[in-house]
Amino acid sequence: MQKRNISICFDEYNSIDELTSQDKILCIEAKKAMSNSHSPYSGFRVGVAVQLESGRIVYGSNQENVAYPSGLCAERVALFMIGTTYPDDKIVSMAITAQTDHFLIKEPVTSCGACLQVMAEYEKKQSHPINVLFYCLNGAIIRTTGIKTLLPFAFEETRLQK
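Chemist: Help me out: how do you make sense of a nonpolar patch on the surface in this one?
Modeler: A cluster of nonpolar side chains, namely Ile6, Ile8, Phe10 and Phe153, defines an oily patch on the protein surface of about 460 Å² accessible area. Counting through the fold element by element, Ile6 comes out in the segment before β1 (11-13).

See the structure below:
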C-alpha cells in the first residue's frame, strides 16, 4: 500500500483590481454574460466569458428549465458553443461569476463536477491548459492554471477512443 497526497496550487486575489488587464476584462465580460441567464426557478445567475487563442470571447450563461434537469450550466453552454462553432480555436482562459438576489455571495463560486469534467475533456482535446478565474463580484478571485488542479481524478478512459 502506498499513501499519496495531492496538493493544489492556485492564486487568490482580493479584488479585481489586482488582476492583469486581460484577466480583469474577462471577469467584467463574465459579469455581463449573466444578463442572459434564464434562471427563474433558482434565481441564481451564472455568467462565463471564455477567451480563445484568436482573441475572440465567447459567452455563456446558465439556462434553467421547469423540467429539471433539462437546464444547462453556463460553463457547458459556452464550451459546447466553442466546440461546434470554433473547434480549432484553443481555449486560453475562462472567467466565471455568479449572483443572486436571495443572499450575498461572499466567496467565489466554483464549477460543478459535470462542468469540470467537460472542461477537462476540452483541455485534453486541445493539449493545452485552460486558465480558470472564479470571480466573486466585489470580492476575491481564485485563478488556476489547468483543470487537473480542480479535478485531479478526471475521468479519462483511453480505451473508448479509437
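So, next bit.
Chemist: Where do I start with helix α2 (residues 74-85) in this structure?
Modeler: Residue pairs three or four apart in sequence face the same way in an α-helix, which turns once every 3.6 residues. Taking 1.5 Å per residue as the helical rise, α2 with its twelve residues ought to reach 16 Å, and the 16 Å between its terminal C-alpha atoms agrees with that figure. Here α2 has its buried residues at Ala74, Glu75, Arg76, Ala78, Leu79 and Ile82. Buried positions along α2 lie against β2 (44-52), β3 (57-61), β4 (91-100) and α3 (113-126).

Chemist: What am I meant to see in the packing of α2 against α3 here?
Modeler: Working note: a packed helix pair is described by the angle between its axes plus the distance between those axes. Put simply, α2 and α3 touch, their axes get as near as 9 Å, and they point 25° apart. With respect to α3, the axis of α2 lies roughly parallel. Note on packing geometry: the crossing formed by α2 with α3 is left-handed. Together, Glu75, Arg76, Leu79, Phe80 and Gly83 of α2 and Ala114, Cys115, Val118, Met119 and Tyr122 of α3 make up the contact between the two elements. Across the contact of α2 with α3, the residue classes tally to seven nonpolar, one polar and two charged.

Chemist: I would appreciate a short explanation of the pattern of salt bridges in the present structure.
Modeler: Where charged atoms from two side chains of opposite charge come close, those side chains can pair. Within the structure shown, the criterion is met by six salt bridges. The closest approach of N and O atoms between Lys24 and Asp17, which form a salt bridge, is 3.3 Å. Note on Lys24: relative accessible area 29%, which makes it partly exposed. Taking the relative accessible area as the measure of exposure, Asp17 reaches 58% and is therefore exposed.

Chemist: Looking at this structure, how should I read helix α1 (residues 21-33)?
Modeler: The terminal C-alpha atoms of α1, which comprises 13 residues, lie 18 Å apart, in line with the 18 Å expected from a rise of 1.5 Å per residue. Listed in full, the buried residues belonging to α1 are Asp23, Leu26, Cys27, Glu29, Ala30 and Ala33. On an axial view of α1, the arc spanned by its buried residues comes to 160°, and they lie on one face. The secondary structure elements touched by the buried residues of α1 are β2, β3, β4, β5 (131-135) and β6 (141-145).

Calculation rules
Residues numbered from 1 in each chain as written. Predicted model: local features only at pLDDT ≥ 70, side-chain atom pairs only at ≥ 80, totals over all residues. Heavy atoms only, no water. Patch = residues over 30% accessible without salt bridge, like charges linked within 9 Å, V, L, I, M, F, W, Y side chains within 5 Å. Areas by Shrake-Rupley, 256 points an atom, 1.4 Å probe, with all protein chains shown as cover. Salt bridge = Lys/Arg side-chain N within 4 Å of Asp/Glu carboxyl O. Helix = DSSP H or I, 4+ residues; strand = E, 2+ residues; numbered from the N terminus. Expected span 1.5 Å × (residues − 1). Buried < 20%, exposed > 50% of the residue type's maximum accessible area, 1.4 Å probe, protein only. Contact = heavy atoms within 4.5 Å. Axes fitted to C-alpha atoms, helices over the stretch in contact; angles between N-to-C directions. Parallel < 35°, antiparallel > 145°, perpendicular 65-115°, else oblique. Left-handed = near helix turned anticlockwise from the far one by under 90°. Nonpolar A, V, L, I, M, F, W, Y, C, P; charged D, E, K, R; others polar. Arc of directions from axis to C-beta.

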